[in-house]
Amino acid sequence: MADSNKGSIITGTILIIVIAFFLQVLFVYAQNRDTPNKAATEFTKAYFGLDISMADQLCQENLIVDGVNIVDKYIDSVTTKAKAEGFRPFFVKNYLYHVQTNTISKDKNKAKINLTCEIKHPLRAFFTKESSQNVDETFDLIMEDGKWKVCGNVFSLCG
């Protein structure tokens, strides 16, 4: 009787480990999957974080306007303004909180995503008691080069 109980415990433990491994692989796959919602969120993080990687998330149509890389121009203008006010570029970077995305429409190559979030810089907010800002933006995304990319007017980059 004791041997039978030991065998079922070992079998149950092995079964739990196999199921956990399978679920872990499934979750990693789901996390790495490219979706329009994920593309809009990653672009927004890069935009408010002044990260040059936002250029990889913009469609070609929006990246170069009148022969100028708008991402480089945007980052340069924000950092120049910060330096003129006596701040380092780190001080003007913001972080996203409470990010929510809603799919308005989606087909094979196009999607429209609404993103809402709060942005603030934790250190600046702590010292200046500055409140967070709400962002409510609708993105047009297209499938380009096998990845979802943001197109259209995005924040102040194109406008």
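Structural notes, computed from the coordinates.

Here is what the cut-offs are and how they apply
- Residues numbered from 1 in each chain as written.
- Predicted model: local features only at pLDDT ≥ 70, side-chain atom pairs only at ≥ 80, totals over all residues.
- Heavy atoms only, no water.
- Helix = DSSP H or I, 4+ residues; strand = E, 2+ residues; numbered from the N terminus.
- Buried < 20%, exposed > 50% of the residue type's maximum accessible area, 1.4 Å probe, protein only.
- Lys, Arg positive; Asp, Glu negative; His and termini not counted.
- Salt bridge = Lys/Arg side-chain N within 4 Å of Asp/Glu carboxyl O.
- Contact = heavy atoms within 4.5 Å.
- Disulfide = S-S within 2.5 Å.
- Expected span 1.5 Å × (residues − 1).

## Digging into unusual backbone geometry
Link 1 in the chain: One non-glycine residue with positive phi stands out, namely Asp66, at about 55°.
Link 2 in the chain: Here Asp66 lies in the loop between strand S1 (64-65) and strand S2 (68-69).
Link 3 in the chain: You will see that His98, though not glycine, has its phi angle at about 55°, which is positive.
Link 4 in the chain: Note on placement: His98 falls in strand S3 (residues 95-106).
Link 5 in the chain: For His98, a relative accessible area of 60% corresponds to the exposed category.

## Observations concerning the side chain of Glu144
Link 1 in the chain: One can find Glu144 in strand S5 (residues 133-144).
Link 2 in the chain: Despite being buried, Glu144 has no salt bridge partner; Lys149 is the closest side chain of opposite charge, sitting 4.1 Å away.
Link 3 in the chain: Ignoring any residue separated from it by four or fewer positions in sequence, one finds Glu144 in contact with Leu58, Cys59, Gln60 and Lys149.

## Regarding the state of the cysteines
Link 1 in the chain: Going through the model one piece at a time under the given rule, you end up with 1 disulfide.
Link 2 in the chain: Disulfide partner of Cys59: Cys151, at an S-S distance of 1.9 Å. Its S-S torsion of approximately 140° makes the covalent link between Cys59 and Cys151 right-handed. Pair noted here: Cys59 is in the loop between helix H2 (36-48) and helix H3 (60-63) and Cys151 is in strand S6 (residues 147-151), with a separation of 92 residues, a long-range link.
Link 3 in the chain: Under the relative-accessibility criterion, Cys59 is labelled buried at 0%.
Link 4 in the chain: Accessibility expressed as a relative area gives 9% for Cys151, which makes it buried.

## Examining H2
Link 1 in the chain: Look at H2: 18 Å from first C-alpha to last across 13 residues, which is about the 18 Å you get at 1.5 Å a residue.
Link 2 in the chain: Counting buried positions over the 13 residues of H2 gives 10, a clear majority of the element.
Link 3 in the chain: Those residues of H2 lying buried are Pro36, Asn37, Ala39, Ala40, Thr41, Phe43, Thr44, Ala46, Tyr47 and Phe48.
Link 4 in the chain: Check the buried side of H2 and you find it contacts helix H4 (70-84), S3, strand S4 (110-120), S5 and S6.
Link 5 in the chain: Positive backbone phi, at 50°, marks Leu50, one or two positions downstream of H2.

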